[in-house]
Amino acid sequence: MAPSWWGRGGGGVGNGGGTPVVVKMENPNWSISEVEAEVAPGSPAGAGKVGRGKNARQITWVLLLKAHRAAGRLTGAASAALAVASAARRRVAAGRTDSDAAPGENTALRTRFYGCIRIFLVLSLLLLAVEVAAYLQGWHLEVPTLLAVDGLFAAIYAGWMRVRLEYLAPPLQFLTNACVVLFLIQSIDRLVLCLGCFWIRLKGIKPVPQAAGKADVEAGANDFPMVLVQIPMCNEREVYQQSIGAVCNLDWPRSNFLVQVLDDSDDATTSALIKEEVEKWQREGVRILYRHRVIRDGYKAGNLKSAMNCSYVKDYEFVVIFDADFQPQPDFLKRTVPHFKGKDDVGLVQARWSFVNKDENLLTRLQNINLCFHFEVEQQVNGAFLNFFGFNGTAGVWRIKALEDSGGWMERTTVEDMDIAVRAHLKGWKFLFLNDVECQCELPESYEAYRKQQHRWHSGPMQLFRLCFVDIIKSKIGFWKKCNLIFLFFLLRKLILPFYSFTLFCVILPMTMFVPEAELPAWVVCYIPATMSILNILPAPKAFPFIVPYLLFENTMSVTKFNAMISGLFQLGSAYEWVVTKKSGRSSEGDLVGLVEKHSKQQRVGSAPNLDALTKEESNTKKDSKKKKHNRIYRKELALSFLLLTAAARSLLSAQGIHFYFLLFQGVSFLVVGLDLIGEQVE
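It should be emphasised that the depicted structure is a prediction, and the values quoted were computed from it without experimental measurement.

Q: Tell me about the overall build of the protein chain, and name the residues and values.
A: Along its length, the protein chain carries 22 helices and ten strands. Per-residue burial over the protein chain gives 49% buried out of 683 residues. For the protein chain, the proportion of contacts with a sequence separation of at least 24, taken over those separated by at least 6, is 80%. A total of about 32500 Å² of accessible surface is found on the protein chain, and carbon and sulfur atoms cover 61% of it.

Q: Summarise the environment of alanine 540; cite the residues concerned and give the values.
A: Structurally, alanine 540 is set in the loop between α16 (522–537) and α17 (547–569). Classification of alanine 540 as buried rests on a relative accessible area of 8%. Each C-alpha atom, one on alanine 540 and one on glutamate 376, is 9.4 Å from the other, the two residues being 164 residues apart in sequence. With near-sequence residues (within four places) excluded, alanine 540 lies in contact with Asn368 and Cys372.

Q: Which residues make up the sheet that holds strand β8 (residues 346–355), and what values do they have?
A: Spatial strand order, β6-β5-β4-β7-β9-β8-β10: seven strands in an open sheet with mixed pairing. At either end of the open sheet lies a strand with only one pairing partner, and these are β6 (288–292) and β10 (430–441). Pairwise comparison of adjacent strand axes, ignoring direction, gives a mean angle of 20° for this sheet. In this sheet, β6 lies alongside strand β5 (residues 257–263) in parallel orientation, the contact comprising five bridges. If you follow valine 259 over to β6, its bridge partner there is isoleucine 288.

Q: Give a detailed account of a nonpolar patch on the surface, specifying residues and quantitative values.
A: A surface patch of nonpolar side chains, amounting to about 590 Å² of accessible area, comprises Phe198, Trp199, Leu202, Ile205, Phe385 and Leu386. Per element, the largest residue contribution to the nonpolar patch is three residues, and it comes from helix α5 (residues 152–203). When you line up the elements, phenylalanine 385 lands in helix α11 (residues 362–385). Taking the relative accessible area as the measure of exposure, phenylalanine 385 reaches 44% and is therefore partly exposed.

Q: Lay out the environment of alanine 268 in plain terms, naming residues and giving numbers.
A: In this fold, alanine 268 is placed in helix α8 (residues 268–283). Owing to a relative accessible area of 63%, alanine 268 belongs among the exposed residues under this scheme.

Q: Account for the nonpolar core, with residues named and values stated.
A: Ile244, Trp398, Val422 and Phe490 are the most contacted members of the largest nonpolar core, which has 83 residues in total. Top contributing element to this core by residue count: β10, with seven residues. Leave out the neighbours within four places in its chain, and tryptophan 398 touches Glu317, Phe318, Val319, Phe340, Gly347, Leu348, Phe391, Leu403, Ile420, Ala421, Ala424 and Phe431.

Q: How would you sum up the side chain of threonine 176? Please name residues and give values.
A: Structurally, threonine 176 can be placed in helix α5. Residues within four places of threonine 176 in sequence aside, it is in contact with Leu504, Ile508, Thr512, Glu519 and Leu520.

Q: Provide a residue-level description of the packing of helix α15 (residues 479–514) against α16, including the pertinent values.
A: Running from amino to carboxyl end, α15 crosses α16 at an angle of 160°, the nearest separation of the two axes being 12 Å. Here α15 lies roughly antiparallel to α16, going by the angle between them. Helix-helix and strand crossings are classified by hand; for α15 and α16 the assignment is left-handed. Within the contact between the two elements, α15 uses Leu504, Phe505 and Leu509 and α16 uses Val524, Val525 and Pro529. Here the contact of α15 with α16 is built from residues that sort into six nonpolar, no polar and no charged.

Q: Give a description of α11 that names residues and reports values.
A: The terminal C-alpha atoms of α11 lie 34 Å apart, and with 24 residues this matches the ideal 34 Å at 1.5 Å per residue to within 8%. Burial within α11 is extensive, with 19 of its 24 residues counted as buried. Two or three places before leucine 363, at the opening of α11, asparagine 361 has a side-chain oxygen 3.0 Å from that residue's backbone nitrogen.

Q: Give a detailed account of the packing of aromatic side chains, specifying residues and quantitative values.
A: Scanning the model with the defined rule gives 24 aromatic pairs in all. Plain terms: the ring middles of phenylalanine 322 and phenylalanine 332 are 5.1 Å apart, the flat faces sit at 70° to each other, and that makes the pair edge-to-face. Residue phenylalanine 322 is located in the loop between β7 (318–321) and α10 (332–336), and its partner phenylalanine 332 is located in helix α10; the two are separated by ten residues in the primary sequence. For the pair phenylalanine 322 and phenylalanine 332, a shared accessibility class is recorded, and that class is buried. Measuring from centroid to centroid gives 5.2 Å for phenylalanine 660 and tyrosine 661, while their planes differ by 65°, and the two rings are edge-to-face. On the basis of relative accessibility, which here comes to 48%, the residue tyrosine 661 falls in the partly exposed class.

Calculation rules
- Residues numbered from 1 in each chain as written.
- Predicted model: local features only at pLDDT ≥ 70, side-chain atom pairs only at ≥ 80, totals over all residues.
- Heavy atoms only, no water.
- Helix = DSSP H or I, 4+ residues; strand = E, 2+ residues; numbered from the N terminus.
- Buried < 20%, exposed > 50% of the residue type's maximum accessible area, 1.4 Å probe, protein only.
- Contact = heavy atoms within 4.5 Å.
- Areas by Shrake-Rupley, 256 points an atom, 1.4 Å probe, with all protein chains shown as cover.
- Pairing = 2+ DSSP bridges.
- Axes fitted to C-alpha atoms, helices over the stretch in contact; angles between N-to-C directions.
- Patch = residues over 30% accessible without salt bridge, like charges linked within 9 Å, V, L, I, M, F, W, Y side chains within 5 Å.
- Salt bridge = Lys/Arg side-chain N within 4 Å of Asp/Glu carboxyl O.
- Core = buried A, V, L, I, M, F, W, Y, C linked by side-chain atoms within 4.5 Å.
- Parallel < 35°, antiparallel > 145°, perpendicular 65-115°, else oblique.
- Left-handed = near helix turned anticlockwise from the far one by under 90°.
- Nonpolar A, V, L, I, M, F, W, Y, C, P; charged D, E, K, R; others polar.
- Expected span 1.5 Å × (residues − 1).
- Polar contact = N/O pair within 3.5 Å; in protein donor to acceptor, adjacent residues only side chain to side chain.
- Phe/Tyr/Trp six-rings, centres within 6.5 Å; stacked < 30°, edge-to-face > 60°.

Pasting the structure below:
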């Protein structure tokens, strides 16, 4: 709206009328600016003050506008709170919980784990009732005080305090101290990684390919190495077009690379669509093959193993793997493959991931923080100083000789990428991580998809550790590399981290509220976690406003990670569950159009699919998918929420301020996640 000028009738500029006020009504923000008035020659000195008094009505209007703006914000907050409450009511009314197993899903361990948490919750509620009653009677101070009080309840409470002091507090304090030590060790490890990343930036350390000579610049197609590109997929109807299209437009001589689309879909319609897409690119002259397995033995590892057994693979030197939601830039091969030249001991070149939907919702923002730290710090530091890191399963280039020398793909765990990386490292192969080469992909937008992905990522390493421990001990690599693999790579980062996160903040902290004789220092509850969260968020500085939700959500996810770690370590039923992470296809159309405009437009003009038809098909797919989506109630998270809120109430009786606030906010975090209010919301 155009600016409105008020107060012109009270005197103009130069007539002692005061200072005109400009109110800019630019919805939703109003601003006020004053225009300095010129005092006419001969005007009285006090004319300005009189004018300012006359402008009080103008200031009042501005203040009213400010109040209206504040009221609008309050109304918006109230509407958001009502929407959240309504969504929570719908979740409860629907009654769909995580106990409703998917076909073939094992819920035995999950049910037992939930049962233990429920028993713990009931006991905490009973203890809270007892403590409140004792507090009101003034019996909560010392045991000798109770000895002078008659009554059965007083005697029972005195006995409880003695049991608490003599039998419960010592082992609980020992467990607390042990977890604090593990927490400090892991924090030191994270700090060292951050210092390593700082040193890399300070010195500009990064892998540099061998300089190209004049002969390389003038080389023809025959001098480009033969590259095999594999796209494993399974029922990924939302994203197959974008990945196939991006791979087929890689800037590499077409005679020197072959694309394998490895389809494990059990849906006939999806398989037909993928096959039709492959045939379309074949007609455009791309060397691309479609392979479909009827029996999905070994899941992704079995799919890749089957593809590598093809007779023509012997003609290729390198193999690149892209998951179905990955979209490499056209120059991906030209920025990765040259790093192998002149380095015969390099077996893997890994690129970094970037995310097209990192700002979609709170869940994707928090995932982006974690993965930015993983790539920017963990992968880059380990690659620069140790030449070893866990293969991320996609967006990486393998030397086929390294794969074969390491035993090829194995289906023995749910982390086939980490498995092949560890075996290649034991054979002496080196890895390079390229932090400046990015490949776009999607993040899970729903908590259910993210939870299943994290379960697979944290159960698999424990399976692998059990299987390869003896091989690590017997291998010919150096002593310090063995120590790094066993103590840092597996034990500290894959076992100890989820163990102490869950035990310390979800079990010990609530218990110390009911057994106050065992103490958990405030610096463990607040200062160290806050410092670690700041370090984690440094690679993604734009996410700094989400530091508190990030800290709380990481502790919330410790339940899933701890459960997965235990199932993998002891080979329980859920350890071998493989659920394909659900994709939404957010990047399908918009990014294809952007890619056409930004990169090698002439290559895509003839082969790009019908974008209008794709957009229409995509919108119809999204409409259909919304009808099929359901939110769940997660019982473990809800039970832990009530447990932490109960412990927060108990902490008030002990006047432990920082513990109360931590337990309160952590309990609310578990409640939000338990009601599936984080991530994509679907009515």
